[in-house]
Every structure is written in C-alpha cells, then in structure tokens.
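# Reading the structure
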Amino acid sequence: MRFVAETSRQPSFDFNRPVTQAVKEAEYTGRTEPSHEAFRDFSFEQTVIPLEGGQHSLRLRKPLVLRINPENLRFLVKDWGIELDCLELSRLPRELARRFLKLLNAAENEDLGESDQADWLRISDYIDFQQFTIDRSAPRYLEGTLRRNAEMVLVEWHDGSRETLDHRLGRALSEVDAGERFSAFAKLGRDGKTIALERVSLLQKPGEREDWESWPKRG
Amino acid sequence: MTGEQLRYKNPPIVERTVGVYHRIPQDIFESRLPSWAEKISQEYPIPGHLAEWMIDIEDRNGVPFVKSLEPKARIIHLFWQKHPKNLRVHGMRLRPDRLVLHLLREDKNAHSFEEVLPRMKKWLPLWAEHFGVTELDGIAVEYCNVLDGNLTPQFIDPNGALNIAAALTVFSNFPGRHTGITTPYDCKARLVLEETKPTFFDLRVRADDRSQNAVRVDFVVRIFPSAKKLNLDEAITEIEAGHQHILEQFACFFTQNAKESFNK
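Quick caveat: nothing in here was measured; it's all calculated off a predicted structure.

### So, the overall build of chain A
The number of helices and strands found in chain A is four helices and 11 strands. The long-range share in chain A, meaning contacts at least 24 apart out of those at least 6 apart in sequence, stands at 51%. Just so you have it, chain A exposes about 14,300 Å², and 47% of that area is on carbon and sulfur atoms.

Next up, the structure:
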C-alpha cells in the first residue's frame, strides 16, 4: 500500500454533501489588504432555466453573477434586478423565469416602464432568443414521403427537400412504410432541421390536381 | 474475512450513501428534472434543495490562493421518502453529474447497506432511461460515522473529553510524549486500493461542530475505471465491491476494543 499525490486522472476529494466551513481564527500577513471583491461575486452554474415544468427552457448565453451582501447575507443578481436570501438560492430559477416572462409580456405589449426598459435591455443580452423562439414555437403541419427506413430514416418533404432523421425522430414514423406518404406536426430547430414530430397520419397517394406550389417552404 | 464478520450491532454510522457518476448535458438535466420529480413522487414525495456556494482555494507551497476561476453557486436537488415520525431517513440527491441515494441513522437504528442497495438497483435504470444515460464514469460508496457522547459514550473520559485514541487505530500510536489528543482534528488521506481499476479509499477525520467533543469519521470508496465506462449492471457490481472495501477498512481503522463495543 502506498500514498500517491493527486493526479488529473483521479477523482477529486469531494464528499457528497456541502460542508459548512467556518473560519474561526485566521491571521493574514501581506503587502496589501486582501480584496473582498474576490469573495463577493459568485457565478451561477445553471445556465438552462426550465419553463412550464421543463417543457421549454430559457438558455442563458453567459452565466449569471450573484453579488452577495455580507451585511445581510442576501444576494443580488447582476443586471436582473432580483434579490434573494442566500439560503433561498433554490428559488432563483423560478424568479428568473418570472422576471423574464413578465418583461417579455410587457415588451410585446409595448408596456415597459422606464426602469423595466433598462432591465430588459440588459437581460436581453443574456438570452439566446433564437433558441427560445424555437423552443416556444408551435408545431407546423407538414406532409412528406418516407423514402427509407432501414439503417437510416430518410424523408422527402412536400417542398422536395430531403432530410435524414435521427432514430428518436424516426421512431415517430414506425407505422409508415417506405414509399408511403404521411402528414405530421413538426417542430423545426436551427437551420430548419426537424427536432420533434407528433400526430403522424398516413395519407393517400397525391391527387393529380394537388398544388404544392402554394404551400410555404419548410425552412 | 467474510462480510458477516465485519458487521456490528451498533456501529457509529450516521449516514450511508451510494452514488453513480455521469455528466448529463445541462439542458437535458434541467428540462427533464420536473418530470423525474413526478416519476419518483410516489416513493420520494418530499422535495428539498441545498444551496452550495463554492470558493476554490488552492495551496501553493503552503500559501492559500483563490483560484482564478470565479467562485460558483449551485443548487442540489433533494427528494425524501415519507417517514412515520417525519424524519429524513431515505433520500435521493440529484446534480447534473450524479445520482446519490442517502440512508440516514434514526436514533439507535444505524440501518444497513442492504436497505439502500435495492433502492439503487430499482432507481438506477429508471434514472438512466429518463436522462438518457447509457454508461457511467464511476461509483462511490460513503459511510459517515460520528464519535460523541450520544453515539459512543464508551470513548468519553470521566472529564468529558473524547478519547479518540481508544477508537481509531490511526490515532492510537502517535509518537512523542503526550498526555492526550484533543481538537482540532482535521486529517484526510487517500489510499490507493487498486491501480489497474482505479479504486480509492478516502479517510477524513475532523471535528463535528454540531456537538461538543464530537468527531466525524468519513470513509469513501470511489471506483473510476479510467479506460472504460461502466454499464448499469457493472455499476451495481462495483457498488457491492465498494461496500466490501468499506467494511474491510472500517475493521482496520477502528480499534479492536471499539469494534467489540459496537457489538454490545
């Protein structure tokens, strides 16, 4: 048996519970006074805030900064105008979601007050709006033909574009035979790629008079 | 040594945990956590949270430095089973990188590993399916013990001090002239139990601020196969192996007198 020094491949010495560490007695000697700033700003690890019970998410493009006030052990979320007790950290995701949804609603209704307007500008800098819009968008009705379902699932959509679906999405088409037409409600992600399929129906062969030109393109 | 010979009637164990490790992408973890809470709500109906505020301090040649990384804050999600006396005994903790089941002592009942293992066997495949986990990085088994006037009065001197040397072998042979050992205690060490399949045993002894003269003695076994990932069945096998290591180390770190007293 031998003791070895910590190396990168070894797991860190981390027990499963948070440990309260209190400094009862400490002495500092140095050329300058230590900065209290170093211990005041904490970065919040969570950058995905669940909305509507996890059905959608608010993705933050940069971590939130929580500034602790050592006088009253409360923290202020920088740029968001939210203040909570340090013991109430678990409430933060909900408060962030509420703050965002309130301001979003006010912005959509052009009903932002002066201070809210400034907050909204700062908060907008944190939000991945493209992803938020995708997450919140309603599924669209689409029609297509399943071209292949062995090894890979290949679909030709009504506008002639072809898309390979991953296995999770492919499972939604398990009742469709290769070569068969179907309709479905689809959610499209970045670059127009399908990210969810639901309410799949089987369709008859296209009629001669079917006019696809008037249909909007997928992307 | 067999497992049976390593069991005691009244060990000073206050908490046992078993955990499995795998980093779940944050968007998956956060979006599926509410439905997981719903899924386990029949068995773990009492939710809770812990706030963790972390400051990384590193030791450079004996001088503490705050690491350049920002201090961090995070939330740990807890779920408890109901208890007739409203105690917290069986718990589940979730973070994006692990699933941990806890079993806490209640009064004189230290419970047993056999109560927590079946729960892990039941919930591990469900957790893995729910969060899309197909393989695991490693496992940990942890036993927390407390030596104090309540749990182990046999180690308390007539003057009220804890005789830690009578309890722990590592404290029973200190060199140099001394008349006793007293607080502060804050020691930790890591033993390498196996190198081919990296298996580590962590020991930590420190004063427990919650009661006077109390000392916490924590044992942790971690198994992290660096070359391969574990499937779910392998993880359960490693948890059982980890528990066996804990039993063996427990027998080594507590003195013969202490072990005999744990059987009374």
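### Considerations on the pattern of salt bridges
All names here are of chain A. Within the structure shown, the criterion is met by 30 salt bridges over all chains. A salt bridge links Arg99 to Asp116; its shortest N-O distance comes to 3.6 Å. You can see Arg99 sitting in helix H1 (residues 92-108) and its partner Asp116 sitting in helix H2 (residues 114-124), a full 17 residues away along the chain. Note that Arg162 and Glu156 form a salt bridge whose closest N and O atoms lie 3.4 Å from each other. Owing to a relative accessible area of 52%, Arg162 belongs among the exposed residues under this scheme. Each of Asp79, Arg99, Asp116, Asp119 and Arg122 takes part in one network of salt bridges that share partners.

### Points about the environment of Pro184(B)
Residue and element names in this part refer to chain B. Tracing the backbone through its elements, the reader meets Pro184 in the loop between helix H3 (164-167) and strand S9 (186-194). A residue is classified by how much of its surface remains accessible, and Pro184, at 74% relative accessible area, is exposed. In sequence terms Pro184 and Asn213 are 29 residues apart; their C-alpha atoms lie 9.9 Å from each other.

### Considering the layout of surface pockets
One number sums up the size of the second largest pocket: a volume of about 730 Å³. Taken together, 24 residues line the second largest pocket, and the ones lying closest to its centre are Gln55(A), Asp135(A), Arg168(A), Ile195(A) and Ala196(A). Put simply, the parts of the chain that give the lining of the second largest pocket at least two residues each are strand S3 (56-59), helix H3 (129-136), helix H4 (167-170) and strand S11 (194-202) of chain A together with helix H1 (26-39) of chain B. Of all the elements, H1(B) adds the most residues to the lining of the second largest pocket, at five residues.

### Quick word on H3(A)
Residues and elements named next belong to chain A. Turning to H3, its buried residues are Gln131, Phe132, Ile134 and Asp135. Each buried residue of H3 lies within a common arc of 160° when the element is viewed along its axis, so the set occupies one face. The inward-facing, buried residues of H3 contact strand S2 (48-51), S3, H1, strand S10 (181-188) and S11.

### Notes on the pairing of strand S7 (residues 140-148) of chain A
Residue and element names in this part refer to chain A. Alignment of S7 against S10, held across six bridges, turns out to be antiparallel. Among the inter-strand pairings, Tyr141 is bridged to a residue of S10, identified as Phe185. Inspection of the sheet shows S7 paired to strand S8 (residues 153-157) by four bridges, in the antiparallel sense. Looking across to S8, one finds that Thr145 is bridged to Glu156.

### With respect to the nonpolar core
Residues Val20(B), Met92(B), Trp127(B), Phe219(B) and Ile239(B) are the most contacted members of the largest nonpolar core, which totals 61 residues. Those residues in contact with Met92(B) that lie beyond four places of it in its chain are Trp36(B), Ile40(B), Tyr44(B), His77(B), Leu78(B), Phe79(B), Leu99(B), Val100(B), Leu101(B) and Trp123(B). Core analysis: the second largest hydrophobic core is formed by 31 residues, Leu64(A), Trp80(A), Leu96(A) and Ile123(A) among them.

### Digging into the side chain of Ser261(B)
Residue and element names in this part refer to chain B. Mapped onto the fold, Ser261 is located in helix H5 (residues 256-262). Of the residues examined, Ser261 reaches a relative accessible area of 15% and is grouped as buried. Beyond its immediate sequence surroundings of up to four residues, Ser261 is in contact with Gln154 and Phe155.

### Description of the side chain of His77(B)
All names here are of chain B. When you line up the elements, His77 lands in strand S5 (residues 72-80). Assessed through its relative accessible area of 9%, His77 is described here as buried. Not counting the four nearest positions on each side in its chain, His77 is found in contact with Phe29, Leu33, Gly48, His49, Met92, Arg93 and Leu94.

Calculation rules
Residues numbered from 1 in each chain as written. Chains lettered and ligands numbered in written order. Predicted model: local features only at pLDDT ≥ 70, side-chain atom pairs only at ≥ 80, totals over all residues. Heavy atoms only, no water. Helix = DSSP H or I, 4+ residues; strand = E, 2+ residues; numbered from the N terminus. Contact = heavy atoms within 4.5 Å. Areas by Shrake-Rupley, 256 points an atom, 1.4 Å probe, with all protein chains shown as cover. Salt bridge = Lys/Arg side-chain N within 4 Å of Asp/Glu carboxyl O. Buried < 20%, exposed > 50% of the residue type's maximum accessible area, 1.4 Å probe, protein only. 1 Å grid on protein atoms, 1.4 Å probe; cavity = no way out; pocket = protein on both sides within 12 Å on 5 of 7 lines; lining within 4 Å. Points joined across faces, edges and corners; volume = space filled by probe spheres on them. Arc of directions from axis to C-beta. Pairing = 2+ DSSP bridges. Core = buried A, V, L, I, M, F, W, Y, C linked by side-chain atoms within 4.5 Å.

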